[in-house]
Amino acid sequence: AADDNRPDKWVKGVCRYCGTGCGVMVGVKNGKAVAIQGDPNNHNAGLLCLKGSMLIPVLNSRERVTQPMLRRRKGGELEPVSWDEALDLMARKFRASIDAYGPDSVAWYGSGQCLTEETYVANKIFKGGFGTNNVDGNPRLCMASAVGGYLTSFGKDEPMGTYADIDHATCFFIIGSNTSEAHPVLFRRIARRKQMEPGVKIIVADPRRTNTSRIADLHIAFRPGTDLALMHSMAWVIINEELDNPRFWQRYVNFMGLDGKPSDFEGYKAFLEDFRPEKAAEICRIPVEQIYAAARAFAESPATMSLWCMGINQRVQGVAANNLIHNLHLLTGQICRPGATPFSLTGQPNACGGVRDGGALSHLLPAGRMVANPKHRAEMEKLWGLPEGRIAPKPGYHTVALFEALGKGDVKCMLICETNPAQTLPNLNKFHKAMSNPESFIVCIEAFPDAVTLQYADLVLAPAFWCERDGVYGCGERRYALTEKAVEPPAQCRPTVNTLVEFAKRAGVDPKLVNFRNAEDVWNEWRMVSKGTTYDFWGMTRDRLRKESGLIWPCPGEDHPGTSLRYVRGQDPNVPADHPDRFFFYGKPDGKAVIWMRPYKGAAEEPDAEYPLYLTSMRVIDHWHTATMTGKVPELQKANPAAYVEINAEDAAAAGIRQDDTVVVETRRASMELPARVSDVCRPGLIAVPFFDPKKLVNKFFLDATDPASREPEYKICAARIRKA
Ligand code: SF4
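Residues numbered from 1 in each chain as written. Predicted model: local features only at pLDDT ≥ 70, side-chain atom pairs only at ≥ 80, totals over all residues. Heavy atoms only, no water.

### With respect to the overall build of the protein chain
Point 1. Within the protein chain, the secondary structure is distributed over 23 helices and 29 strands.
Point 2. Relative to the globule expectation of 27 Å for 725 residues, the C-alpha radius of gyration of the protein chain, 25 Å, shows essentially globular dimensions.
Point 3. Across its three principal directions, the C-alpha atoms of the protein chain cover 70 × 70 × 65 Å.
Point 4. Across the 725 residues that make up the protein chain, the buried fraction comes to 66%.
Point 5. The long-range fraction of contacts in the protein chain, counting pairs at least 24 apart against all pairs at least 6 apart in sequence, stands at 72%.
Point 6. Surface accessibility of the protein chain: about 25,300 Å² in total, with carbon and sulfur atoms responsible for 49%.
Point 7. Taking the average location of the 89 positive side-chain charges in the protein chain and that of its 85 negative ones, the two points are 1 Å from each other. (Helix = DSSP H or I, 4+ residues; strand = E, 2+ residues; numbered from the N terminus. Rg over C-alpha atoms; globule rule 2.2 N^0.38 Å. Buried < 20%, exposed > 50% of the residue type's maximum accessible area, 1.4 Å probe, protein only. Contact = heavy atoms within 4.5 Å. Areas by Shrake-Rupley, 256 points an atom, 1.4 Å probe, with all protein chains shown as cover. Lys, Arg positive; Asp, Glu negative; His and termini not counted. Charge placed at Lys NZ, Arg CZ, Asp CG, Glu CD.)

### A few points about empty space enclosed by the protein
Summary: where empty space remains is shown by rolling a probe the size of a single water molecule over the atoms.
Point 1. Considering all chains together, one arrives at seven cavities of 30 Å³ or more under this definition.
Point 2. When its volume is computed, the largest cavity comes out at roughly 600 Å³.
Point 3. In terms of lining, the largest cavity is formed by 37 residues, of which the most central are M310, G311, Q314, S617 and K716.
Point 4. Contributing elements (two or more residues each) for the lining of the largest cavity: helix 12 (310–313) and strand 24 (613–618).
Point 5. Taken together, the residues of the lining of the largest cavity break down into 16 nonpolar, 15 polar and six charged.
Point 6. Approximately 180 Å³ is the volume attributed to the second largest cavity.
Point 7. Around the second largest cavity sit 19 residues that line it, and Q113, E418, T419, E446 and T628 are the ones nearest its centre.
Point 8. Among the residues making up the lining of the second largest cavity, the classes are represented as eight nonpolar, eight polar and three charged. (1 Å grid on protein atoms, 1.4 Å probe; cavity = no way out; pocket = protein on both sides within 12 Å on 5 of 7 lines; lining within 4 Å. Points joined across faces, edges and corners; volume = space filled by probe spheres on them. Nonpolar A, V, L, I, M, F, W, Y, C, P; charged D, E, K, R; others polar.)

### Regarding helix 13 (residues 318–332)
Point 1. Look at helix 13: 22 Å from first C-alpha to last across 15 residues, which is about the 21 Å you get at 1.5 Å a residue.
Point 2. By the criterion of burial, helix 13 is predominantly enclosed, with 15 of the 15 residues buried.
Point 3. Within two residues after helix 13, G333 carries a phi angle of roughly 70 degrees, on the positive side. (Expected span 1.5 Å × (residues − 1).)

### Quick word on the domain arrangement of the protein chain
Point 1. Each domain of the protein chain was delimited in the assignment, giving domain 1 (9–59), domain 2 (70–139 + 350–514), domain 3 (144–345) and domain 4 (613–702).
Point 2. Relative placement of domain 3 and domain 4: their C-alpha centres are 28 Å apart.
Point 3. In this assembly, 15 residues from domain 3 lie in contact with 13 residues from domain 4.
Point 4. Summed over both sides, the interface of domain 3 with domain 4 buries roughly 1,200 Å², with 51% coming from carbon and sulfur.
Point 5. Where domain 3 touches domain 4, the interface holds two salt bridges.
Point 6. Note that E646 is salt-bridged to R208, the shortest N-O span being 2.9 Å.
Point 7. Across the contact surface, domain 3 and domain 4 share eight residue pairs in polar contact (both at pLDDT 80 or more).
Point 8. If one sorts the elements of the side of domain 3 that touches domain 4 by residue count, helix 5 (residues 179–182) sits on top with three residues. (Domains from an automatic or database assignment. Buried area = accessible area lost by both parts, 1.4 Å probe. Salt bridge = Lys/Arg side-chain N within 4 Å of Asp/Glu carboxyl O. Polar contact = N/O pair within 3.5 Å; in protein donor to acceptor, adjacent residues only side chain to side chain.)

### Here we look at the side chain of R369
Point 1. Mapped onto the elements of the fold, R369 is located in strand 16 (residues 369–370).
Point 2. A polar side-chain atom of R369 sits 3.3 Å from the main-chain carbonyl oxygen of V529.

### A short note on the pairing of strand 24
Point 1. The buried fraction of strand 24 is high, at six of six residues.
Point 2. Two strands pair when backbone bridges link them, and strand 24 and strand 29 (residues 718–724) are joined in this way by three bridges, in the antiparallel orientation. When the sheet's bridge partners are listed, L613 is paired in strand 29 with A720.
Point 3. In the sheet, strand 24 pairs with strand 28 (residues 686–690) via five bridges, with the strands oriented parallel. Bridging from a neighbouring strand, M618 pairs with P690 of strand 28. (Pairing = 2+ DSSP bridges.)

### Structural notes on the sheet that holds strand 23 (residues 593–596)
Consider a sheet: its strands pair through backbone hydrogen bonds, and that pairing is either parallel or antiparallel.
Point 1. Strand order across the open sheet formed by three strands is 12-11-23, with mixed pairing between neighbours. Only two strands of the sheet have a single partner each, and these edge strands are strand 12 (262–263) and strand 23.
Point 2. With two bridges connecting them, strand 11 (residues 253–256) and strand 12 associate as antiparallel partners. Within strand 12, the residue paired with M256 across the bridge is P262.
Point 3. Together, strand 11 and strand 23 form the strand contacts of helix 13, whose direction differs from that of strand 23 by roughly 115 degrees. (Axes fitted to C-alpha atoms, helices over the stretch in contact; angles between N-to-C directions.)

### Thoughts on the nonpolar core
Point 1. Formed by 93 residues in total, the largest nonpolar core has its most connected members in F94, F126, F130, L415 and F503.
Point 2. A per-element tally of this core places helix 2 (residues 83–101) first, with eight residues.
Point 3. Within the second largest apolar cluster, 67 residues are counted, among which are W308, I335, F585 and I595. (Core = buried A, V, L, I, M, F, W, Y, C linked by side-chain atoms within 4.5 Å.)

### Comments concerning the pattern of salt bridges
Point 1. All told, the structure shown has 47 salt bridges when counted by the stated rule.
Point 2. Between R506 and E502 there is a salt bridge; the shortest N-O distance is 3.0 Å. Here E502 and R506 lie together in helix 19 (residues 496–506), a separation of four residues that amounts to about one turn.
Point 3. For R506, a relative accessible area of 29% translates into the label partly exposed.
Point 4. Classification of E502 as partly exposed rests on a relative accessible area of 26%.
Point 5. Its salt-bridge partner being E548, residue R544 comes within 3.2 Å of it at the nearest N-O pair.
Point 6. What makes R544 buried here is its relative accessible area of 12%.
Point 7. Note on E548: relative accessible area 31%, which makes it partly exposed.
Point 8. A network of salt bridges, in which partner residues are shared, links E605, D608, E610, R668 and R669.

### Focus on the sheet that holds strand 1 (residues 9–14)
Point 1. Strand order in the open sheet made by the three strands is 1-2-3, with antiparallel pairing throughout. With partners counted over all chains shown, the strands left at the sheet margins are strand 1 and strand 3 (32–38), one partner each. In this sheet, neighbouring strand axes are inclined to one another by 30 degrees on average, regardless of whether the strands run parallel or antiparallel.
Point 2. Of the pairings in the sheet, the one linking strand 2 (residues 23–29) to strand 3 comprises six bridges and is antiparallel in character. Counted as the bridge partner of K29 is K32 from strand 3.

### Side note on the site of the ligand
Point 1. In the vicinity of the ligand, the contacting residues are C15, Y17, C18, T20, G21, C22, L48, C49, K51, G52, P184 and V185.
Point 2. The class makeup of the residues in the shell around the ligand is eight nonpolar, three polar and one charged. (Near = heavy atom within 4 Å.)

And the structure:
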């Protein structure tokens, strides 16, 4: 009897949650998933966090969308409909809109949770088939600033290192990341590194005292929005204490001035005078010694690794903040060596693979190509067999503008896939109104019926979920890994690749453009499209991905092992073997990376007399994103059942608020009652809310101001006030 539940077989895959991309093995018995464990051969070495180890109840949940559902009139109920009627109607609506109003009246809004193959097909249908660049997705909300940072500093997106750098780093500079809750398996690896090598230093810069900061040697609880001043000041200390590495920067770095024109080291040094530590300490409201200590540890460590996430990216200065992290590495030569690297963390299992590498944002084309570049458009037109000029030269709407266009009626038909914008967009009251536009036609491909966005859907299509279909995820370290089909989906749930192909054909897209029988066909075309680019993963055949637990690109040949260190001669296949220099930043015209002088600017909305507190959003370890999945696991739901507001004890006492009191939180956009958690987690003057709870849509609080370069919204800061209810 003890063996009753022992799986008949184990099938390899990738965790469905965060961008760490842990490898999993799904245990199957009698055609049903019954167990999960970590893949010992993937980067996570068999480890999973609590969420990942509880994925099976999510897959087997009865609360699934199990058939297509149609709302026959706005305001009516969703009713079951046949696939034929659903696809016909959808194709008719999209085609009619394109014919009457042009291709830019339709849009795809995708996700870092779709498989690479799904995103690739959608991108091809919309940009190549329909002729619109209105292709964006939720990675715009979380990592667009990291993309902008890599592109402007190095000329190419994505990190140069891998997770294995954690095992070599002797100093960690963690800023704007609560790694312990958002990326638990990586945090465990960092903590273990410190345990094994007591000399390893950890600096955490975060206005909140998180579980991550509890293992830090130095916790810098800076005032929200002052990260640029902090990092410029660290650079000042590094230069003025001669801790920089001139041999590195003289050979491999250009300096760019405030005006975007070339400058030099002396110009940079003069610029940093405005960020002398005493002054920066005042701006950041931290002890000045912390700036000196952080700068010295960063520069003097044999190998420093920076890790950052939404705290840096979700800011109106997100790209600039990314640049400043890269500046510190370029100034000290802490780069392109094992353990010495800037390394952005990412939130979703396939934001890097499908959306970033696959070019499924409104300004991108696959494999690092850009919409605005005529050569890149011509390359993609040739690869996709399109007539010349088919791909529109103008980028489409970025996320915030896309939903604004939906509200105004400029975009009439939108296909939303595996994401929940009615909970995740900022300034939600505005965008709920936009999604209620009676002229719009919104289709959602969504596995879970309680996703808030379905309240605005005219048509819901039922997808095969996670290991009910096969496909590739690309995680935060440039690693592509295959999730193999382990079980059959519910009878009326279809793989999204098939849904997209069928929709495109019915909507009049040339069938040759979507001549895919399955996900493997799509993958093989995607490999071909990457071939010869600096993203090359031609060598990642489906067979190899079946046998191996992920491969890291560039990987140009079937016998190529993948690339752990980019930009390094002898490691990165894009650097010629006979290149005269050891490092070559081939994304830049002269092969040199850039140290940027970026002006210090605070948040888009600072506290004032009316709204005197900073409000920030945060994650909790038990839930992932909008909890449509983790909310199905009783243990996780019980651990963190509902949203709350975290308040510093000083602020709580001043407002007469006690633990568990109901508190009214107000911003200029919304007001909401939440239970209070009083502690020392937030610095005084800061309150924080988690965004997982569908009953408390806390993103209503935040404004939809975006970084002018990345167009990523500022979820991390706005002005707020509180009072006891
Ligand atoms: Fe899944 Fe992320 Fe946890 Fe790994 S760390 S098991 S990818 S949720």
